[in-house]
Structure formats: C-alpha cells, structure tokens
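Summary of structural features
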Amino acid sequence: MKMKLRKSVLFLLMTAVLAPIVLYTNNLGTYYTSPSSRNEFLEEVSSFVSFDCFSPCFDGQRFNFSYVLELLDFLLQTFGGEIRPLNILPQESSAILKEPLGAVYSDNSIQSVLNYSDDSIRENSRITRQLTEESLSTSDGNKQDVDRNPIRLLVTDTVHEARTDGESSKKIELAGGKGSDEAKIDPEKENNSQNPEHILVNSSGGKETKHVQHSYRRSTKNSRREQGKTTTEKENEPTILLDARVRHLKDQLIRSKVYLSLSSTRNNPHFIRELRLRMKEVLRAIGDATKDSELPKNANEKLKAMERTLAKGKQIQDDCAAVVKKLRAMLHSSEEQLQAHKKQTLFLTHLTAKTVPKGLHCLPLRLSTEFFMLNSSRRHFPNEEKLIDPKLYHYALFSDNILAAAVVVNSTITHAKDPSNHVFHIVTDRLNYAAMKMWFLANPPGKATIQVQNVEEFTWLNSSYSPVLKQLGSSSMIDYYFKTHRVESDPNLKFRNPKYLSIMNHLRFYLPEIFPKLNKVLFLDDDIVVQKDLTALWSLDLKGKVIGVIETCRDSFHRFDRYLNFSNPLISKIFEPHACGWAFGMNIFDLKEWRKQNITDVYHRWQNLNHDRLLWKLGTLPPGLITFWNHTFTLDKSWHVLGLGYNPNVPQKEIERAAVIHYNGNLKPWLEISISKFRNYWAKYVDYNHLYLRECNINP
C-alpha cells in the first residue's frame, strides 16, 4: 500500500515538472502524428531529465522511471494529439495580435546570429521543420493564428539568417558582395525592404512564408552609413586658406594698435618701443601680399616675434573689459571711415564719368582745325536727297562725342544688309559741330548717307516753346549744379551730371519737329554698339503705339516708384507705382502716331508741372515714362541688352545674341574705368591706327 502511495506521489511530481515542457512547446500534438516521432519525443525527455534527482531511495530500492514514461505514452494516446488551450492563461485572438513592427534583428543582434554554433543551427532547423509540419496539419481556422504568431516569426527569421550565413561567407560581410542574392531582389521587394515592418508574402500554391532578406537591409544601411561618414569627413576636413598667415599678421597689427592706445601699456616705454618696432617689421613683411605664398621667407619669424611681444602686453594689461571697449571704438571708427570712403568713391566715379579724357578733348580740336581749312565746296555730304525719303531706314543720333558716334555708325553699317538704304541724322552742339562733320567727311560711312546738324540752328527750339529750356537756364538749376556744398548731401548724385543741363539730352522729345517728313525713326544713344541688322524694326506693327521699348522690370529698382514721386497726388492718381519701367537707348518711333496723339504737348504739360522738381528729379527717363504712358510697344529683349556700363555680371550669351548692346551707366567703354571684359565689343569698331587718333594719343 505504501509503495503504491509513493508511486502516486512521484507520478504527480513528475507530471508537475514535465507538464510545462509539454504544454509550452506544443510537442505533444506534433509528435502524435507518427509513432516514430512520439518515441523520439520520449527519448528526448529521457535524455533531458536526470533520473538521479528524482530517484530517492525508498527502503533501499531505486525508483523505476520507465513506469512514468509509460503513463505519459498512455496520456498521449488518450488525448489523441489534440492540443487544447490552457484555460488558466488568457488567450489572445488572432484579430488582436498584429504583425511585429520593426525589424526582428537590430544591428547589435547581428553578431549574435552570426556566432550561432552548429548545434544551435541544427536544433533550430529541426524546430522549424516541426513548426512547418504543424502549420500544414492545422485546420483552416487556425492558419491565420499560426502564421501571425510572433514567436514563429522570431524563430523562422533566426533560422533563415543562420542558414544564409552558413551557406556563404560573402553574406556574412555587412557590406555585401556583388555575387550575393541581394542583387536578384525584384523592384517590388526592394521597395518593401525599406519599410521598417516585416513583410510576409503568402503564396497561394505552396502556402509558404517568404521573408525579405535582412542581408540586403544590412548592406543598404551600411552603405548609407559609409556615404554619410564620407560626407561628414569631407565637411569636417579643414579648409585650407591661402591667406591664413596674412590674416594672422593683420590681426596682430590690430591688437598692437589696441595696446598702443591703452593707458596701462603707454606707461611702459620699453614695451611701447618694442611694440612699434614689431609693427614696422610686420608691415614690411606684409607689404602688398594677399596670399601666404607672396610673403617673404622671414614672415613666420616676424609673426612669432610679434606674438611674444603681444604676450608681454597681455601681462601688462589683463583687463579684458578695457580691451573690448577699445575694440568696439575702433570698429565704430572703421565703419564711419568706410562710409566716408564710399561717398568719396561715388563722387570721384561720377566726376570721372563727367570728365572728358585728354585724348577725346584733343580729337575735336584737331578735327575742327582741319575742317576750317577745307574749301566750302568740300564741306557737304553726298546724297542729300535721301535725307527726307520716308522709304529708307533713318537713324537719329544726338551726341557731342565724336568717337562714340563713329562707333555707332560703323557698327550699324557693318551689319546692315544694304547700307545704301540707311540714313544717319547726327545732331551735335555748336562746339563739336565742325569736328563731327570733319570726322565723317574724312571717314565716310561707305554707301550710307550721313547728315550732321547743329542744334543751335533749330531756331524753333527756344525757351518760349520748350519748358525744359527755360528751366535749364534758371538760377535755381544753375545753383543746383554748381554749388559745391550740396555735393555730399545730395543722395541723387547721379542726377547732377552736366549732361542734364544740355538740351541735347532732351531732343528725343522733339523728333517730329526735327524730322517733319519722316514716318519712322530709330533713336540710338551714343553709348551703344550694333551687332545685327536692324531693318526688321521698321516693319514691326506697333499696334497704334508710339514707341517700341525694352522693359527692364526684372529688378525692383526699374519700377515707376523708383523714378517718380508717388507721394505727390499728381503722380499717384494717374500712374501705377509698380508699373514696369523701360529704357531709352534703342527705340523705334512711329512719328505719324506721335503727331496724331500730340505727344509733344503731353511732354510740355508735365515739364511745366515739374518746374520745382517735386514730381521727379532731373533726367530724361522719368519724363519719358510719363509722356509715353500707355503708348509703348514691348520689343523682344534680344533687341536691346543693357547694363554693360555698370553691371559686370551681364551674361555672355545675352550679349552675343543681342542686336544692340548698351553701355548705360558711368563705366563708358571710352573711359579707363570701363569694365575691361566688355570694352572690346566697342573698341573693335575703332581704328586706333587712324592718324587723328595717334596724334591725340588715343589707345585701346
């Protein structure tokens, strides 16, 4: 009786030990599928459990464990392989359980997978086979639960990577090889591999579970990491400055000036003498150098010597607040000096633009002498009958610059298809009339027709007819131009150019009166160069407009509000402040429409309203914007490219395709201050070997 009781107790004890193993590994149902698998399971349990720990001696007899195994076999047959859920533990439904987000393995866990032993790999392979057989034997209702089991995913991925790592050593490397299967992944899977979630693809035929290879993901991550590391290394590479030592020496000079001005260091005469000596040495070492390669060989020694001297000064003056205060004062002083130099530079630039170079002053004197030596019969141009023929191509050029006018005529004739149909009407002042006429008599423009007129001969153009002439002769205007105390205070220094005092600049508003028998005229400034044939402009239909223009509103300062005073109600009621501006320089005029719409009277009316210069400053563009308001026809930008007289960044392609290039601004091509890279476009139409140019020392 006691023996049976002992066996029952031991049986219950063994059941308590083995039940978790049986229930949590799900091996009972799997191994019941075949007698061989059941026997294999019993053998595993026999080898897994140590009988010695469960074999206490009862009356000197060893407990026979085979009896327990027979009971377990009986239980397997009784349950019939049915796996029942544990009623004690809460069960999760397949609807609640979702796929695990994120990769199963992180970068830190890769090495642990790679370090699996062969025994672990074989064990996991066996478990995978068991799970696969179980999935095939389960009913359709349980398939979803089994496939979405997170433990299943973990084990399967582990074995999959272990197999992959065991097959090829190339796949163990994180960078990946060229011959790996990663290159065979189709685009859809490649895109899906970038998704942080694990992707499972269930095929309908074999019901297999395919996983995107983690090795591809690892190689992608590491390649990106290497690229990022390379970029970071490039960004962190120190930038090599070509003037590092030059800057250091200049900084030393600034620090030296600070110590020279501090009271504590000034009281040390020995230090002051040494510091001034070092400053002279550094100044000699720097010289005109802008790069370290231009410094003398002993520059490094001078730098070190100055550093030692400055270190002494730091010991004498250790009050950082005083040094900071002095540096701020020096900075403020430097900013004030910079502003003063900018104003001075602006004034000198305008002065240079106004001043006639010595050679250009010599040329009209030399030509005037030659002109008055000619017989009166030789002072006339041929083909005068063409001057009033409206069927020809007529150009209007108002200039007192002989060389500039010559370039305009030469460049136009060079590109004209039939020069004999082109007529040039040049109007100049009394001072340059003889010289201008002599130049074109000595250098006729081929088959083209030329006419030179003196503005003083326009008797109809007087102060009683033209308001601008009356204003130009007023005392207030003369005071504005010739009182030097206003130079620095005037923010619109460019409007103080003497050309605005000349009626030559306003002749463009009197074209119908100057050419009463012509229908169309092309107006040209004297600072332009023609690069293509311009005859197509005469055949343009201006659609009832008076003037053809190139709009210049790509920049904000070419809007109406930059030229006109919109605080005045006379301006603000009529015009739009953000209306697009345009430019004079190359403009086709329909004189028939001009006369029909009485544009000259519009110009006179606005000039009378601006007698006190409250509507706009001096110049011709502001009254032009007002006079031709709603009377402009927009031309293609390739006809007229501006900016070569102030903007060095004009695109080369725009210049080459332009019909006319315009040197508007102060940097005229005949001045030494011109933009050098644009000068040749103008200079190639000047014959510097001409006798008159060589005598006046005019060189390219």
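You'll find the structure just up there.
Residues numbered from 1 in each chain as written. Predicted model: local features only at pLDDT ≥ 70, side-chain atom pairs only at ≥ 80, totals over all residues. Heavy atoms only, no water.

Details of the environment of Tyr-688
The criterion, for reference: Counting from the N terminus, the helices are the DSSP runs of H or I reaching at least four residues and the strands are the DSSP runs of E reaching at least two. Here the term buried applies to any residue with accessible area under 20% of the maximum for its type, exposed to any over 50%, and partly exposed to those in between, with areas from a 1.4 Å probe on protein chains only. Residue contacts follow a heavy-atom distance rule, with two residues in contact if any of their heavy atoms lie within 4.5 Å.
Mapping Tyr-688 onto the fold places it in the loop between helix H27 (676–683) and helix H28 (691–695). When its relative accessible area of 18% is taken as the criterion, Tyr-688 is described as buried. Counting along the chain gives 12 residues from Tyr-688 to Pro-700, while the straight-line C-alpha distance between them is 7.0 Å. Setting aside residues up to four positions removed in sequence, Tyr-688 forms contacts with Trp-682, Ala-683, Leu-693, Arg-694, Ile-698, Asn-699 and Pro-700.

Some remarks on the pattern of salt bridges
Which entries qualify depends on this criterion: Here, a salt bridge means any side-chain nitrogen of Lys or Arg that lies within 4 Å of a carboxyl oxygen of Asp or Glu.
Considering all chains together, one arrives at 8 salt bridges under this definition. The closest approach of N and O atoms between Asp-243 and Arg-247, which form a salt bridge, is 3.2 Å. Take Arg-247: its relative accessible area is 46%, and that puts it in the partly exposed class. The partner of Glu-370 in a salt bridge is Arg-366, with the nearest N and O atoms 2.5 Å apart. Here the residue Glu-370 and the residue Arg-366 both occupy positions in helix H16 (residues 358–372), the gap between them amounting to 4 residues, near one helical turn. Salt bridges sharing partners connect three or more residues here, namely Arg-366, Glu-370 and Glu-695.

Section: the pairing of strand S9 (residues 582–590)
This is how the line gets drawn: Whether two strands pair depends on DSSP finding at least two bridges between them.
Most of S9 is tucked away, with 9 of its 9 residues classed as buried. Of the pairings in the sheet, the one linking strand S6 (residues 520–524) to S9 comprises 5 bridges and is antiparallel in character. Within S9, the residue paired with Lys-520 across the bridge is Asp-590. When strand S8 (residues 547–551) meets S9, the two strands line up antiparallel, connected through 4 bridges. When the bridges of S9 are listed, Ile-547 appears paired with Phe-589.

Comments concerning the sheet that holds strand S5 (residues 449–454)
This is how it is decided: Angles run from 0 to 180 degrees between N-to-C directions of axes, and those axes are lines fitted to C-alpha atoms, restricted for helices to the stretch in contact.
One open sheet holds the 7 strands; their spatial order is S5-S4-S3-S6-S9-S8-S10, and the pairing between them is mixed. Because the sheet does not close on itself, it has two edges, and the strands there are S5 and strand S10 (632–634). Along the sheet, successive strands turn relative to each other by an average axial angle of 30°, direction set aside. Sheet analysis places strand S3 (residues 393–398) next to strand S4 (residues 422–428), joined by 6 bridges and oriented parallel.

Remarks on the state of the cysteines
Let me state the cut-off plainly: In plain terms, two cysteine sulfur atoms within 2.5 Å form what is called a disulfide here.
Per the counting criterion, the structure on display carries 2 disulfides. The partner cysteine of Cys-362 in its disulfide is Cys-696, sulfur to sulfur 2.2 Å. Between Cys-362 and Cys-696, the disulfide has an S-S torsion of -70° and is therefore left-handed. One end of the pair, Cys-362, is in helix H16; the other, Cys-696, is in the segment after H28, and 334 residues separate them in sequence. Between the sulfur atoms of Cys-553 and its disulfide mate Cys-580 the distance is 2.1 Å. Looking down the S-S bond of the Cys-553 and Cys-580 bridge, the torsion is -90°, so its handedness is left-handed. With Cys-553 in the loop between S8 and helix H22 (569–572) and Cys-580 in the loop between H22 and S9, this pair connects stretches of sequence that are 27 residues apart. For the residue pair Cys-553 and Cys-580, the accessibility class agrees, reading buried in each case. If one numbers only the bonded cysteines of the protein, in the order they occur, the disulfide pattern is 1-4, 2-3.

Here's the deal with the sheet that holds strand S7 (residues 528–530)
Across a sheet, strands are paired by hydrogen bonds formed along the backbone, either parallel or antiparallel in direction. Spatially, 3 strands are ordered S7-S12-S11 in an open sheet, and the strand pairing comes out mixed. The sheet is open, and its two borders are formed by S7 and strand S11 (640–641), each paired with just one other strand. When S7 meets strand S12 (residues 660–662), the two strands line up antiparallel, connected through 3 bridges. Note that in S12 the partner of Val-530 across the bridge is Val-660.

A short note on the packing of aromatic side chains
Formally: Side-chain rings of Phe, Tyr and Trp (the six-membered ring for Trp) are treated as a pair once their centres are within 6.5 Å; stacked means planes under 30 degrees apart, edge-to-face means over 60, and tilted covers the remaining angles. Should the NZ of a Lys or the CZ of an Arg lie within 6 Å of a ring centre and within 35 degrees of the ring normal, that charge is described as sitting over the ring.
For the coordinates displayed, the defined rule picks out 25 aromatic pairs. Judged by centre distance (6.3 Å) and plane angle (80°), the ring pair of Phe-523 and Phe-584 falls under edge-to-face. Of this pair, Phe-523 sits in strand S6 while Phe-584 is found in strand S9, placing the two residues 61 residues apart along the sequence. Here Phe-523 and Phe-584 have matching classes, each one buried. Sitting above the plane of the Phe-371 ring, Arg-379 keeps its charged end 4.8 Å from the centroid. In this structure, Arg-508 packs its charged tip against the face of Phe-584, placed 4.8 Å from the ring centre.

Notes on unusual backbone geometry
Residue Asn-630 is not a glycine yet carries a positive backbone phi of 65°. Mapped onto the elements, Asn-630 comes out in the loop between helix H25 (621–627) and S10. Overall, the relative accessible area of 51% leaves Asn-630 in the exposed class. Positive phi is not limited to glycine here, since Asn-697 has a value of about 55°. Here Asn-697 is to be found in the segment after H28.

Some details on helix H11 (residues 244–261)
Heads up, the rule is: For a helix, the expected span equals 1.5 Å multiplied by the residue count minus one.
With 18 residues, H11 extends 26 Å between its outermost C-alpha atoms, agreeing within 8% with the 26 Å of an ideal straight helix rising 1.5 Å per residue. Among all positions in H11, only Val-246, Leu-249, Gln-252, Leu-253, Ser-256, Val-258 and Tyr-259 are buried. In this structure, the buried side of H11 is in contact with helix H12 (263–266), helix H13 (269–286), helix H14 (299–316) and helix H15 (320–354).

Considerations on the pairing of S3
Put simply, the test is: Throughout, right-handed denotes a crossover for which the path from the first strand over the helix to the second runs clockwise when the strands point away from the viewer.
With 5 of 6 residues buried, S3 is to be regarded as a mostly interior element. In the classification by handedness, the crossover that spans S3, the intervening helix H17 (residues 402–415) and the parallel S4 is right-handed.

Some points on H14
Put simply, the rule reads: When we speak of the arc, we mean the arc of directions from the helix axis to the C-beta atoms.
The end-to-end C-alpha separation of H14 is 26 Å, in line with the 26 Å expected for 18 residues at 1.5 Å each. Taken residue by residue, H14 has Ala-299, Leu-303, Ala-305, Met-306, Thr-309, Leu-310 and Gly-313 as its buried positions. Along H14, the residues classed as buried sweep out an arc of 165° about the axis, all on the same side. Exposed side chains of H14 directed beyond 90 degrees from the buried face belong to Glu-301, Arg-308 and Gln-315. Elements that come into contact with the buried residues of H14 comprise H11, H12 and H13.

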